Structures are given as C-alpha cells and as structure tokens.
Amino acid sequence: MEKFLSSEDVFKWVSGFINLERGQKPKSFRLERMSFLAELAGHPEKCAPSIHIAGSKGKGSVTSMLTAMLSAAGFRAARYMSPHVTDIRERICLGDAFFDEEIYCAAGNELRDIAETRLPLSHAALFDTSTADGCEPTFWELLTLLFFLCARQAKCNVMVVETGMGGRLDSTNILDPLVSVITLIELEHTSFLGNTIAEVAGEKAGIIKNGKPFVLAAQCEEALQVFKKKAQETNSTLYYIPETLLLSEIKITNTGTEFNIKNNNLSGSSEPLVRCPCEPLFLPIPGKVQAENAALAITALKIAFPQINEDAICSGLKNLKIPGRFENMGKQLPFIIDGAHTPESLHLCIETFCSLYGEGNVLIFGCAADKDDSVMANIAHSHFSKIFITTPGTFKASDPAKVYEAFCGVTSTEKAALVMDTQEAVRQAQEFAKEKSLPILATGSFYLVSEIRKELICFYRFPH
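Along each chain, the written sequence defines residue order, and numbers are assigned to residues from 1. In view of the model being predicted, local features appear only for residues whose pLDDT reaches at least 70, and side-chain atom pairs are presented and counted only at 80 or more, with totals across whole chains, interfaces and linings using the full set of residues. Only hydrogens and water are removed before side-chain values are computed, so all heavy atoms of the structure are retained for them.

Caption draft 1: Here's a closer look at the nonpolar core. Core analysis: the biggest nonpolar cluster contains 64 residues, and Leu66, Leu70, Leu317, Phe365 and Phe407 have the highest contact counts within it. Numbering of helices and strands runs from the N terminus, with a helix taken as a DSSP run of H or I at least four residues long and a strand as a DSSP run of E at least two residues long. With nine residues, the single largest contributor to this core is helix α10 (residues 288-304). Those residues in contact with Leu66 that sit more than four places away from it in its chain are Ile51, Ile53, Val160, Ala297, Ala300 and Leu301. Here, nonpolar core means buried Ala, Val, Leu, Ile, Met, Phe, Trp, Tyr and Cys residues that are tied together by side-chain atoms lying within 4.5 Å of each other. Buried means the residue's accessible area, taken with a 1.4 Å probe over protein chains only, is under 20% of the maximum for its type, while exposed means over 50%, and partly exposed covers the values in between. Listed in part, the 42 residues of the second largest apolar core include Ala38, Leu111, Leu145 and Leu146. Contacts are assigned to residue pairs with any non-hydrogen atoms lying within 4.5 Å of each other.

Caption draft 2: Representation of the pairing of strand β14 (residues 361-365) within the structure. Counting buried positions along β14 yields five of five residues, so the element is predominantly enclosed. We treat two strands as partners when DSSP finds at least two bridges between them. Strand direction decides the pairing type here: β14 and strand β15 (residues 384-389), joined by five bridges, are parallel. Each residue of the ladder has a partner; that of Val362, found in β15, is Lys386. Handedness of a crossover: with both strands directed away from the viewer, a clockwise path from the first strand across the helix to the second marks it as right-handed. Of the crossover connections in this fold, the one passing from β14 over helix α13 (residues 373-380) to the parallel β15 is right-handed. In this sheet, strand β17 (residues 440-443) lies alongside β14 in parallel orientation, the contact comprising four bridges. Bridge assignment links Ile364 to a residue of β17, and that residue is Ala442.

Caption draft 3: Helix α5 (residues 139-153), seen in detail. Expected span of a helix, by definition, is 1.5 Å for each gap between consecutive residues, and there is one gap fewer than residues. Here α5 contains 15 residues, and its C-alpha end-to-end distance of 20 Å stays within 8% of the 21 Å for a straight helix at 1.5 Å per residue. With 13 of 15 residues buried, α5 is to be regarded as a mostly interior element. Lys155 occupies a position one or two residues after α5 and carries a positive phi of about 55°.

Caption draft 4: Representation of the pairing of β17 within the structure. Residues of β17 alternate between two faces, with Ile440 and Ala442 on one and Leu441 and Thr443 on the opposite face, all of them buried. As judged from the three bridges shared by strand β13 (residues 335-337) and β17, these two strands associate in the parallel manner. In the strand pairing of β17, Phe335 is matched with Ile440.

Caption draft 5: Expanded view of helix α11 (residues 310-318). Looking at α11, one finds that the buried residues are Glu310, Ala312, Ile313, Cys314, Gly316 and Leu317. Close packing links the buried residues of α11 with α3 (59-72), β10 (256-263), β11 (281-283) and α10.

Caption draft 6: Structural view of the pattern of salt bridges. When a carboxyl oxygen of Asp or Glu is within 4 Å of a side-chain nitrogen of Lys or Arg, the pair counts as a salt bridge. Under the definition given, this model contains 15 salt bridges. One salt bridge connects Glu141 with Arg33, and the closest N-O pair in it is separated by 2.8 Å. With Glu141 in helix α5 and Arg33 in helix α2 (residues 31-40), the pair connects residues that are 108 residues apart, well separated along the chain. Accessibility expressed as a relative area gives 4% for Glu141, which makes it buried.

Caption draft 7: Representation of the sheet that holds strand β9 (residues 245-253). Overall, antiparallel pairing links the three strands, which are arranged β9-β10-β11 in an open sheet. Only two strands of the sheet have a single neighbouring strand rather than two, namely β9 and β11. Averaged over all adjacent pairs, the angle separating strand axes in this sheet is 25°, with direction ignored. The pairing of β9 with β10 spans seven bridges and is classified as antiparallel. Among the inter-strand pairings, Lys251 is bridged to a residue of β10, identified as Glu258. Axes here mean lines fitted to C-alpha atoms, for a helix over just the part in contact, with angles spanning 0 to 180 degrees between N-to-C directions. Here α11 sits on the sheet and contacts β10 and β11; the angle it forms with β11, its principal contact strand, is near 25°.

Caption draft 8: Inspection of the side chain of Ser7 at higher detail. Relative to the elements of secondary structure, Ser7 occurs in helix α1 (residues 7-14). Judged by its relative accessible area of 5%, Ser7 falls in the buried class. Setting aside residues no more than four positions away along its own chain, Ser7 makes contact with Arg89, Glu101, Tyr104 and Cys105.

Quick look at the structure:
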C-alpha cells in the first residue's frame, strides 16, 4: 500500500466515501459502527480529555472560542469542526492552525490501513454492504477518526470537538467528555433529526453523558424541558446560561464586540466565575450572539479546567480567528460574509449588519435545498435595496430558482435578481454597490461563504 505524501491526498481519499450529499441513508448513522472503527484504531478518542459541542447554530464559534482560550493557556488543543470555509484542513486543526503535513499523512496512513486492511479482516457485519444493515465506512466516520488519530499523533493534551449533525448518533459521540455544550436549538435536518423542536433537542441531548456536567444556551420552553429531563435521567449537572452568567454592557462596533460578564450564583457560589482584569472582554467579531457564545465557552472552560486564569480567557477571545463569521472581506466598502443558515441565525446576522451599516444595502443570498427559503426570504427582504440570489456552492444540493421565487413572493422582481453563477453574482453585487456606495452582506450558507471567500481572497490577494 502506497503511503500518503500530502494532506491533500489524505482528504481526497476520505472524500471518496459516502456522505449526506452522496446519498447517505439513515441506517448508516450507527454509533456502534464508529465505536468499532475506534476499537480497531486503539481508541484514539481517549488520547486526551475532551469538550463536546452540539447545537443548531453557534457551535462552530463556541468550538473556536474554547480552542483559542485553551491555546492561550498553553494547551496543545486539537480542534474538530465543520464545515470548512476555504481549506478542508480547517476541520482538523491544532489550535487555530493546521497540523504539520507529517501529522495528517501519518494519521491518514493509519486510517487507510484500518479501512482497507484491518476492517475487511474483521468481517464486521455493520460494514458488510451485502447485508440489509451493512454500509461501507462513511466520510463522517473516517473524517472523525482521522481527527482523533491526528490528535494522538501530535500528542495533544485536550480536544475540542463539534458534532457534525445531531448528537445522539453523530460519529463524535463516542467521546466521554469532561463537559458537554449545547447551543441554541432550531428545526434543522428534519428528515434525520425529527419534525419538532422536542425531537431535535432529544437528538442533541444525546451527547450528555451520565454524571457529566453540561452547559446549555438559552432555549425555548419546549427544548428546555427536554434538556432538564435528560439532566435528571443522566444525573448530570445542568448549567443553564440564563441562570449562570449575566451579560451586560454589550457594545457592538464594526471591529468586534465588547461585553462584561459576571457570575449568577454558579453552583451556589458567591465567587464570580471569571475575574477579568481586562474587562470589558473583547471579541473581534461583531454581534450580540457572539457574546452569548462566549458565555457558553467560558462556562464550559471553567468547569473543565478551573485552574485556567482570566488572562488566558481575555487573550484567547481577543485573538480569536474564525473565517466566515461576520468577516469583512471588503476594501473600500464593507463586504461582510457570514455563514448564517438557520432562521434565527439569519435574523441575528441581519440585525447586526443593519445596526452597523443601516438599512437598504446589498444582499447576496444562497441556501441549501433543505432550508426553509420562504421563512428566510421573509426575514431578509425588507432590509435590502437589492438582493442577488445565487448558488451556494456544489457540496450540498440547492435550488436557487426556488429560493428566488420565495423572495419574489415577498418583494419585487426589480429588487431581487437570480444569478446562478456565484462569481457573476459577486461581480454584479459589487458593481451595484460601488455605484451607490453601499455595503454588501453575503449569507445563507457556509458553502456560499466558502465560494465567495475563495473568490475574494484571490481577487484582493488576502492572506488565508
């Protein structure tokens, strides 16, 4: 068997396996399959303590914030998150940087040996495609195992791990974390996770482990009751953020977000959760929601590693880098890209954008086929003078014409334009914006953001 000589070859090989976009079926979401693969690999998921994050929106930000603070405190923190924006290696990182090529290759060679040599020899029925329940290893299983193998190869001493979809059956859920984090729940991936908030919350709650604490973002009552019940069933301590931390003095500018936090009687203690000598805290990402995400991350960090001091918290957040989260890619005029892909995240993104740049600007919008385009159109249409509907990349199925029809149902055809080619949509939006000196917001999908970011990096010669 030839050895991998580059990370590009490793990820190309992994990407050849089945995933959601290539017809992955519900039967292939089997946690025992992932457990079996991990056993063949010698359980690399146990190579370091972990923090596990699930939710409908914000989990990537929380994952990045935790990693940044841990790195600032001197930890070798392995980070697993999805999707990537510019480079697939963004999914599997050491801190906010890529692993060395040698790590990706060594882990990839080990992974391929497991998939192509050890697995066939084991005759595992779960992977036997000739049986009713059998399926070849999936992209998500192998990518997750690749992450654990990279973390072990690099001798990381902590892992921060975001779920891919759901939680209960997600391939990351073989972890036994120090603490779990669950962000806001919305209806999403209903064909896999359920058609009600309670059903989706139940899937996300599957990452909560017996006797282990979990941190929970503000939820609607229907979701909150699911998590409270799960806490009782698992004898787990629930840290519900609205009852745990108080956020105050939130100030949003075009360079980021300032805010203060103080303890709200965490665990019955009168001592503040965080004593920050550099208050107010600062995040280089605009948006109240990012302050709320930071409250989740800080709480989880102090539960898992109470010895970490406030200087590391301040430094980690101040130097945070997250591509595609309200990121300004413009030169003369603001060109904001944001991966908001749920109704609530879209609402918050537009709210932040309009608070900074006003109403009546330019929107580039694209969303995947499984999103509620009519709801998204209702949220967005009134805030912009010109809207360009386009294709959100090719990784996930999309129907831009249907999205355009949804927008035309609530606004005029003069205001909305369908431009299937993303590069052309960007060109037309920039031309329109330049003529009228208007900022641009591009949002609706991380895959759209990925396409636009790559285009603008090339055009402006930004650093990655």
